[in-house]
Amino acid sequence: MNILSIETSCDETAISIVSANNTDNPDFKILGNTVATQIELHAQYGGVFPMMAKREHSKNIIPVLIETLKKANLYVEEPHPRPLSINNGEGQSSIQEILTREPELLVLCKEYLPHIGKPDVDVIVVTSGPGLEPALWVGVNFAKVLGTLWGIPVVPVNHMEGHIMSPILTTESTINVAFPALALLISGGHTELVLVNNWMDYNKIGQTRDDAVGEAFDKVARMMDLPYPGGPQISKLAEEWRNLLLNQGGVPVGGGGNEISHHPGLTTTPPPQGGEIRLPRPMLHSNDYDFSFSGLKTAVLYAIQDIKKDGGVLTDETKKQIACEFENAATDVLLAKTFRAINEYGVQTLLIGGGVAANKFIKKSFTEKQTAEYPDLKILLPEKDLSTDNALMIAIAGYYRYQNIMAGNKKFPLDFAANGNWGVDS
Ligand code: KG4
Ligand code: ZN
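S.K.: So what's going on with the overall build of the chain? Which residues, and what values?
M.R.: The number of helices and strands found in the chain is 14 helices and 10 strands. In terms of C-alpha radius of gyration, the chain reaches 23 Å, essentially the compact-globule figure of 22 Å for 426 residues. Counting only C-alpha atoms and orienting by the principal axes, one finds that the chain spans roughly 75 × 50 × 35 Å. Out of the 426 residues belonging to the chain, those deemed buried represent 56%. Surface exposure of the chain reaches about 17800 Å², of which carbon and sulfur atoms provide 50%.

S.K.: Describe helix 14 (residues 392-406), and please don't skip the residues or the numbers.
M.R.: Taking 1.5 Å of rise per residue, the 15 residues of helix 14 would be expected to cover 21 Å, and the 21 Å separating its terminal C-alpha atoms lies within 8% of that figure. Most of helix 14 is tucked away, with 12 of its 15 residues classed as buried. If you check which residues of helix 14 are buried, you get Leu-392, Met-393, Ile-394, Ala-395, Ile-396, Ala-397, Gly-398, Tyr-399, Tyr-400, Tyr-402, Asn-404 and Ile-405. Downstream of helix 14 by a residue or two, Gly-408 has a phi angle that is positive, lying close to 90 degrees.

S.K.: Give me unusual backbone geometry: which residues, what numbers.
M.R.: A cis amide bond links Gly-129 to the next residue, Pro-130, at an omega of -10 degrees. Here Phe-179 and Pro-180 are connected by a cis peptide whose omega angle stands at 0 degrees. You can see Pro-180 is positioned in the loop between helix 7 (159-165) and strand 6 (181-186). Despite not being glycine, Asn-73 shows a phi value in the positive range, around 60 degrees. Mapped onto the elements, Asn-73 comes out in the loop between helix 2 (50-71) and helix 3 (84-88). On the accessibility criterion, Asn-73 (72% relative accessible area) is exposed. For Met-283, which is not a glycine, the phi torsion comes out positive at approximately 65 degrees. Here Met-283 lies in the loop between helix 9 (230-247) and helix 10 (294-308).

S.K.: Requested: an account of the coordination of the zinc ion (ligand 2), with residues and values cited.
M.R.: By definition of the ideal shapes, four donors in a tetrahedron about a metal sit 109.5 degrees apart, and six donors in an octahedron sit 90 or 180 degrees apart. Bound to the zinc ion (ligand 2) on the protein side are His-159 (NE2), His-163 (NE2) and Asp-389 (OD), at distances that span 2.1 to 2.2 Å. For the zinc ion (ligand 2), the four donor atoms in the first shell make angles of 90 to 148 degrees at the metal, so the coordination geometry reads as irregular. Mapping the donors of the zinc ion (ligand 2) onto the primary sequence gives the spacing H-x3-H-x225-D. One end of the pair, His-159, and the other, His-163, are both in helix 7, four residues apart, so they sit about a helical turn from each other. One exposure class covers both His-159 and His-163, and it is buried.

Here is what the cut-offs are and how they apply
Residues numbered from 1 in each chain as written. Chains lettered and ligands numbered in written order. Predicted model: local features only at pLDDT ≥ 70, side-chain atom pairs only at ≥ 80, totals over all residues. Heavy atoms only, no water. Helix = DSSP H or I, 4+ residues; strand = E, 2+ residues; numbered from the N terminus. Rg over C-alpha atoms; globule rule 2.2 N^0.38 Å. Buried < 20%, exposed > 50% of the residue type's maximum accessible area, 1.4 Å probe, protein only. Areas by Shrake-Rupley, 256 points an atom, 1.4 Å probe, with all protein chains shown as cover. Expected span 1.5 Å × (residues − 1). Donors = N, O, S within 2.8 Å, 3.2 Å for Na, K, Ca; no water. Tetrahedral: all angles 85-135°; square planar, octahedral: opposite > 155°, others 65-115°.

Right, here's the structure in full:
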């Protein structure tokens, strides 16, 4: 079967087409995949504004659909284009009704959709939450329009379930997961630990109480005048600082989870220049699986204010040092909480998903700890393009949701709404 998936929860307009054989352990094949990112636009404002994101999604979604259909060799030009009203069979008003909130998209749909023939696709799956509601609605309503036009079902998918499943899809094959698994979801909007008893059976055991970890990366970057998104920038500076220390005979990178970090750049090796910067590891020892990154971010702010008082300058070298210590601190808490949950729940597979899963140092820290202390644990990390938001992960989650409906466990939702706060275990 062929699945067409749509993702518009934040600042990427993404569509993919994935084929799957109908089994309990499907082998997914990527037929087409497109991501149109709005990062450059939002970078000018230092963050994502929901209404601006909505406008961009409306503008981009039809070109992204056409490009994806072409990549998948499923683009069929309609030989007899007719106005949507006739094509639809139910009268123009139904498409108009679906797109009441998206007038710009309605205009584009009327212009372009009559020319696109029904492709060989069995189901449309779409992210309906969590995320920015105006942005989510574009994807949800566009999916409903296509479902109506092509006469195929539309299934809502949870964005976080997509991130949970993102590591199982590789360009080569589909990976089988041993349960119970634990998902560490680290992105710009979320920091969650989710126990995965099986696919579609989740318990959220912890989450951030304030900022998401990616958000903290972005805010710390902004404090140091680095562009949005800040994660990759911080990561690059931190790596440069570590290399500098290693070249000067500092200790190698490793370990974590302690108050006194084993990472270079902190207590073990005196930094070459500038004062030593220490940051807290918030909630490291709290008796739960929650996180807090707002205090860490504020500690960076105070450190910067301290440096700048009396006319001091935030040099490139100090920025690198702050970036390194910030990354160490964030990694320490992520490691400590995650491995405590792994011990408590007898976890067999650790799935790491979300934009921050692209962070080299975090990946390395987790795999090093696994190799040294947890040889039986399998860690699955998403391939590069699957860590940040994409539609492939939505196709996979959507496949399982569709099969669940076909097996009679659930009904097709007759109508569904975008839900900005939809929890993965609710
Ligand atoms: O999952 P994602 O694409 O969107 C959300 O759902 O939030 O994640 C975006 C977040 C941003 O905060 C970005 O700074 C962060 O992921 N990020 C990184 C790295 N690459 C992206 N954070 C740390 N290190 C990275 N290499
Ligand atoms: Zn995401």
